[in-house]
Amino acid sequence: MLRLSWSMMERIVERKRREDPEYRKQLEANRKASRSQGRAMSDEELLEKLRCFGLELDRATLGEWCRQARSAQELSLDLRRTRPLKLSAMDEDWLWIYLLVLWERWFPDLPSFEMIDDTMQAGYDALDEGEAQACEMWLRTWNDILTMIRLDKVRDLDDFDEEFGGLQCLFNWIQDFTMHLWNAGVHEPRFLRERVAVCEEALGRWPGADCHLTESLRADMAEASFRLGATEQANAQFKQWLDDDPQWGWGWIHWSDCYAREFMGNRDPERAKAILRRGLAAPGVRDRRDLLERLAEIHEEAGEDEEAAQVRAESERPNTPSVRTVVSRVGNVLRQKTTFNFGEEGLPMDEFEEFHRALIAQRSGREMPMHQVGRNAPCPCGSGKKYKKCCGRPRAGQK
């Protein structure tokens, strides 16, 4: 369930206030609180308003509270629970805004969720002016996130997203961030160095993160290193990751692209094709069709149309399942069970009926009386051992 922070809800209200005159009149009539009104007040005016709520506050006290809380919203709720404040229903929003504005002014180096959400959205708004401007803003956002982690205000990525409640979740934003760091790095290499640092930090901080995010950060880091000229380092990283998980199809593609793309600086189509073929040879590789499509594209770029056509024809062939047969004994009956694995993409529904008919005809799940298999005959499980040394061996407790 999506959790909406007060900051996010106020942002939505403010956007509608700007776009809808009737809605703006309604808000003014109801004296709806807004951060823009709070930010127009002086420090003394804000403190006087808080005193009217029964809250005596100075800089040192607020500083201690801000070091303990993750957001002005959290602080506001805690004060309402623990102190006898004089608040009407309308005043509850004002309490949050007064605390938030003072926090921003007095302790900008102690980031809150509201401050992170502000710079995150400012970065998206800055994309219209250029990706470098957006990345500068988002580097501040990233530093604020790291500060919250170092202060032990956030345990992990899931904890952040559960409590943040902003317009973007950290899981999605960090992938947008690294993408735009790459684009900005085309003109200013320092952004590629920042990309490497961000990915390295995130992978170190969240080693158990979602598999998709981990793979994305790894590829982003290695590609940026390669573009910066650290080719040996990038190659070593890809090799290690793909040794650990040879089924990572897009890992093979990203590694191949380091040699297939002209702008990477070390174009070597033959090496790019060799990397893809290694990936295609990995049993059970994920996204096999994407690997084949990328290989066909490289052949086409080299003018090898016949080879490209052969690869595309292979990608269009139906999946060939891997087959695993297990023979077990139940009483006086041998039961043979065959499992078909069609990989990540599965079996297309329009091919299911034909496959089902063939499966029934084969009767791979038939049961066989035990006496049909001699003790010295090859075991029907396909192990290559004699039946008496394999599935025919007595089980524990049997004689």
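Residues numbered from 1 in each chain as written. Predicted model: local features only at pLDDT ≥ 70, side-chain atom pairs only at ≥ 80, totals over all residues. Heavy atoms only, no water.

> How should the overall build of the protein be read in this particular structure?
Of regular secondary structure, the protein possesses 19 helices and three strands. Sequence-distant contacts in the protein: of pairs separated by 6 or more residues, those separated by 24 or more amount to 59%. Element-wise, carbon and sulfur atoms account for 48% of the exposed surface of the protein, whose accessible area totals about 22,300 Å². (Helix = DSSP H or I, 4+ residues; strand = E, 2+ residues; numbered from the N terminus. Contact = heavy atoms within 4.5 Å. Areas by Shrake-Rupley, 256 points an atom, 1.4 Å probe, with all protein chains shown as cover.)

> Any chance you could explain the nonpolar core here in plain terms?
Counting residues in each nonpolar core, the largest one holds 62 residues, and the members touching the most others are W142, I145, F160, W173, I174, F177 and W206. If one sorts the elements of this core by residue count, helix α9 (residues 131–150) sits on top with eight residues. Beyond its immediate stretch of four places on either side in the chain, F177 contacts C135, W138, L139, W142 and V198. Counting 31 residues, the second-largest nonpolar core is a separate cluster that includes A33, L75, L100 and W103. (Core = buried A, V, L, I, M, F, W, Y, C linked by side-chain atoms within 4.5 Å. Buried < 20%, exposed > 50% of the residue type's maximum accessible area, 1.4 Å probe, protein only.)

> What exactly am I supposed to notice about the packing of helix α4 (residues 43–52) against helix α7 (residues 91–106) here?
For any two helices packed against each other, one specifies the crossing angle of their axes together with the interaxial distance. Packing of α4 against α7 brings their axes to within 10 Å, and their N-to-C directions diverge by 145°. In the crossing of α4 with α7, the sense of the turn from one axis to the other is left-handed. Contacts between α4 and α7 involve D43, L46, L47, K49 and L50 from the first element and L95, Y98, L99, V101, L102, R105 and W106 from the second. Of the residues belonging to the contact of α4 with α7, the class tally is nine nonpolar, no polar and three charged. (Axes fitted to C-alpha atoms, helices over the stretch in contact; angles between N-to-C directions. Left-handed = near helix turned anticlockwise from the far one by under 90°. Nonpolar A, V, L, I, M, F, W, Y, C, P; charged D, E, K, R; others polar.)

> Mind showing me how you'd approach the packing of aromatic side chains here?
Centre distance and the angle of the planes are the two values used to describe a pair of aromatic rings. In the structure shown here, the tally under the stated rule is 16 aromatic pairs. Centroid distance W106 to F107: 6.4 Å. Interplanar angle 85°. Geometry classified as edge-to-face. You'll find W106 and F107 in the same group, each marked buried. For the ring pair F113 and F160, a centre distance of 5.3 Å and an interplane angle of 80° mean the geometry is edge-to-face. Of this pair, F113 sits in helix α8 (residues 113–126) while F160 sits in helix α10 (residues 157–164), placing them 47 residues apart in sequence. Residue F160 is classed as buried on the basis of its relative accessible area, which comes to 1%. One aromatic cluster is present, built from ring pairs that chain together Y124, W138, W173 and F177. Positioned over the ring face of F191 is R190, at 4.2 Å from the centre of the ring. (Phe/Tyr/Trp six-rings, centres within 6.5 Å; stacked < 30°, edge-to-face > 60°. Lys NZ or Arg CZ within 6 Å of the ring centre and 35° of its normal.)

> Just to check I follow, could you spell out a negative patch on the surface for this structure?
On the surface, D156, D158, E162 and D210 cluster together into a negatively charged patch. For E162, the position within the fold is in helix α10. Overall, the relative accessible area of 51% leaves E162 in the exposed class. (Patch = residues over 30% accessible without salt bridge, like charges linked within 9 Å, V, L, I, M, F, W, Y side chains within 5 Å. Salt bridge = Lys/Arg side-chain N within 4 Å of Asp/Glu carboxyl O. Lys, Arg positive; Asp, Glu negative; His and termini not counted. Charge placed at Lys NZ, Arg CZ, Asp CG, Glu CD.)

> Sorry, what's going on with the environment of W182 here?
One can find W182 in helix α11 (residues 170–185). On a C-alpha basis, the gap between W182 and R195 in space is 7.0 Å, while along the polypeptide they are 13 residues apart. Residue contacts for W182: discarding those within four places in its chain leaves L192, R195, E223, A224, R227, F263 and M264.

> Got a minute to help me understand the side chain of S71 in this structure?
Summarising the element assignment, S71 is placed in the loop between α5 (59–68) and α6 (72–82). Of the polar contacts made by the side chain of S71, one reaches the backbone nitrogen of E74; its length is 2.9 Å. Apart from the residues lying within four places of it in its own chain, the contact partners of S71 are W103, S112, F113 and E114. (Polar contact = N/O pair within 3.5 Å; in protein donor to acceptor, adjacent residues only side chain to side chain.)

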